[in-house]
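# Observations on the model geometry
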Amino acid sequence: MPIARGTNRLAAILDMKILVCISHVPDTTAKIQFTSDARALDASGVQFVINPYDEFGLTRALQLNEQLGGTVTAVTVGDASVEPTLRKALAIGAHDAVRVDALPTDPLQVARELASVVSEGAYELVICGQESIDYNGGIVPSALAEILGWPVVTPCIGFDPAGGRAKASREIDGGKEVLDIALPAVLGAKKGLVEESELRIPNMRGIMAARTKPLVVKAPSGATAGSAPVSFSKPAGKSAVQMIDAQNLDALVKKLHEEAKVI
Amino acid sequence: MILVFAETWSGQFKKSTFEAVQYAAACATAQGSQAVAVVVGPASAPVESLGAYGAHKVLHLHGPEKFETAQYASLLGDAAKELNASLIVVSGTANGRALLGALAVRAEASVISNVTALPESYSPVRVVRGAFSSKGIEVCESSSARTVVGLVPNALGVKGSAGSDAAFEDRNVAAAARATVVEQQLASGTIALPEAERVVSAGRGMKAPENWGMIEELAQVLGAATACSKPVSDIGWRPHREHVGQTGIQVNPQLYIAIGISGAIQHLAGVSSSKTIVVINSDPEAPFFKAADYGIVGDAFDIVPRLTAALKAHLN
Ligand SMILES: Cc1cc2nc3c(=O)[nH]c(=O)nc-3n(C[C@H](O)[C@H](O)[C@H](O)COP(=O)(O)OP(=O)(O)OC[C@H]3O[C@@H](n4cnc5c(N)ncnc54)[C@H](O)[C@@H]3O)c2cc1C
Ligand SMILES: Nc1ncnc2c1ncn2[C@@H]1O[C@H](COP(=O)(O)O)[C@@H](O)[C@H]1O
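Below is a short write-up of the structure. (Residues numbered from 1 in each chain as written. Chains lettered and ligands numbered in written order. Predicted model: local features only at pLDDT ≥ 70, side-chain atom pairs only at ≥ 80, totals over all residues. Heavy atoms only, no water.)

The next point concerns the overall build of chain B. Counting its regular elements, chain B contains eight helices and 18 strands. The C-alpha radius of gyration computed for chain B amounts to 21 Å, which stays within 12% of the reference 20 Å derived for 316 residues, consistent with globular compactness. In terms of overall dimensions, chain B has a C-alpha envelope of 60 × 40 × 40 Å along the principal axes. Across chain B, contacts joining residues at least 24 apart in sequence account for 64% of those joining residues at least 6 apart. Of the roughly 11,400 Å² of accessible surface on chain B, 50% is carried by carbon and sulfur atoms. (Helix = DSSP H or I, 4+ residues; strand = E, 2+ residues; numbered from the N terminus. Rg over C-alpha atoms; globule rule 2.2 N^0.38 Å. Contact = heavy atoms within 4.5 Å. Areas by Shrake-Rupley, 256 points an atom, 1.4 Å probe, with all protein chains shown as cover.)

Below is the structure:
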């Protein structure tokens, strides 16, 4: 169901309402273990963080907000355990946050819940990450855009709005392309949208301010999932490394040819 | 009916397309069904070749020239509904991955991405996928009558062609695009990372961007794509598109050669499913050796040129 575009384009752009979708994921250094029944991640001892791709999106949203005004809202679909991650987004600079109180089992369910948040908020721009590093779906940005009837740019490595439209770059195999789109739109952020060095981290003032910023808990719309995990396991470990004498590289070539059969 | 998106690239099919067609054909055989390959775009695409990889029928939709997510999702989604497809197979190239979510919505299907093997069962569809950036393996089950399956390129490989002639159908189509491609920049002569069979990757141990000549030479001799660790792309020594790992491109080649890369957990997360890993590092304690098949302790500046020469001699 397409959402009507703002009637006053200029006003809409000078006051851009941005929604940043935040996925709450295990820290990249976390040792991944599964529960003894193999049905879920064993979260004990795991530190959770803002999905790294979403950090690029949040930073770009804050930059745009400084140029254009408006608001930046962070949203996560999850139970109460995700709230510290949303508070971190508030500490980095988001103005307010929404938690949709559901425990999704698949990215289409997430996309449908997010679509209902978008339809209630008159957003001009929705920024997701290109992928969550936990379940590696890479589904939400384009599914959400299709539900809304909006354009999508993913993986998005550049975004510059001007007068109700935008130029957005996306990574393609072996290169990149620049797209012209009308807003509103959905982006799937990747490094390049902002550089690593531009990423914002919370400071003390931000952390203090975040405590009193609004974090609204919204009842789920009741979207259903299309799939669910059945079981998890760990990949088989590698057999022991064979060390090769640096003076005998022909030995390596021989092994790659005869043993590994890759050349 | 099994539908497979036969992606074209500059009017040609990539290896990943043939891999996806073979996957769809194997699913069709297992189910006593048929595989229909859908080609969108250029009239020049060599559609005859798809039969050899097992497509029973090729549906060639003439219309849009360049990939646009919403437009392709609508064309493929409508075809899937018309043919009452139970499975829609898409290779996980950059365009394929962008397409998955939109296609699922359009086709009224569920979607499972990052799939690394043929389904364990078909009703319901149950399939193995990578999760937690290769730190976990997930069995996932669809609860819909129609499922979009996103394949990891190279996960199955392309086996010799065994199929025969396919039936052909051509149609002129139109579908609204929601974005216009105004510019495309392709790095000429490079091999795209996600589907590369061999990758030569280098890290901060190379000291400076001007030292990449020897990396490129080694890659060239092997017909490999070049890649790098995250800090190397962050400081601008190499383009971002070469950054591999948990927050970069995930690769799945036959051969991955890591030079001057320490082997941090985030780097390993994106490369550990490579079939054979060779590590060259001056530090015998570098963690990457634990994840390697073959290791050489030594100075890259000494070893890489000699390895290039040895490989050249072998390959000639
Ligand atoms: C949220 C997050 C996400 C991340 N995602 C990624 C990711 O996706 N991909 C990624 O790569 N990293 C990622 N990282 C960074 C990762 O933690 C490491 O910092 C990074 O991989 C290290 O890169 P490196 O191995 O090139 O450099 P270093 O760790 O500095 O290692 C350089 C290596 O070169 C060796 N060396 C030095 N001189 C020579 C020589 N002359 N010959 C041979 N060897 C030599 C050294 O012994 C050393 O092992 C991420 C980090 C974070 C926090
Ligand atoms: N539970 C969630 N709540 C809010 N946003 C999410 C959630 N899951 C995924 N996303 C967003 O969708 C992007 C891609 O996720 P995925 O499709 O799950 O890989 C993430 O980077 C987030 O921006």
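This part covers the interface of chain B and chain A. Between chain B and chain A, the contact holds 88 residues from the first and 77 residues from the second. Applying the counting rule to chain B against chain A returns six salt bridges. With its nearest N and O atoms 2.9 Å apart, the salt bridge here joins D173 of chain A to K14 of chain B. Here chain B is connected to chain A by 45 residue pairs in polar contact (both at pLDDT 80 or more). Take the side of chain B that touches chain A: its biggest share by element is eleven residues, from helix α4 (residues 94-106) of chain B. In the sheet, strand β12 (residues 227-233) of chain A pairs with strand β10 (residues 136-142) of chain B via six bridges, with the strands oriented antiparallel. (Salt bridge = Lys/Arg side-chain N within 4 Å of Asp/Glu carboxyl O. Polar contact = N/O pair within 3.5 Å; in protein donor to acceptor, adjacent residues only side chain to side chain. Pairing = 2+ DSSP bridges.)

Residue and element names in this part refer to chain B. Of all five residues making up strand β16 (residues 255-259), five are buried, and the element is well covered by its neighbours. Strand direction decides the pairing type here: strand β14 (residues 198-202) and β16, joined by five bridges, are parallel. Across the sheet, A202 pairs through a bridge with I259, a residue of β16. Pairing of β16 with strand β17 (residues 276-281), which is carried by five bridges, proceeds in the parallel orientation. (Buried < 20%, exposed > 50% of the residue type's maximum accessible area, 1.4 Å probe, protein only.)

Residues and elements named next belong to chain B. Near ligand 1 there are 27 residues, and of these K207, S229, S262, Q266 and H267 occur at the shortest range. Take T247: an N or O atom from its side chain is 2.8 Å from a nitrogen atom of ligand 1. The side chain of N281 places a nitrogen or oxygen atom 2.7 Å from an oxygen atom of ligand 1. Protein chains shield 77% of the accessible area of ligand 1, which is 990 Å² for the free molecule. Secondary-structure elements contributing two or more residues to the shell around ligand 1 are α6 (230-234), α7 (265-271) and α8 (300-315). Residue composition of the shell around ligand 1, by class: six nonpolar, 16 polar and five charged. (Near = heavy atom within 4 Å. Nonpolar A, V, L, I, M, F, W, Y, C, P; charged D, E, K, R; others polar.)

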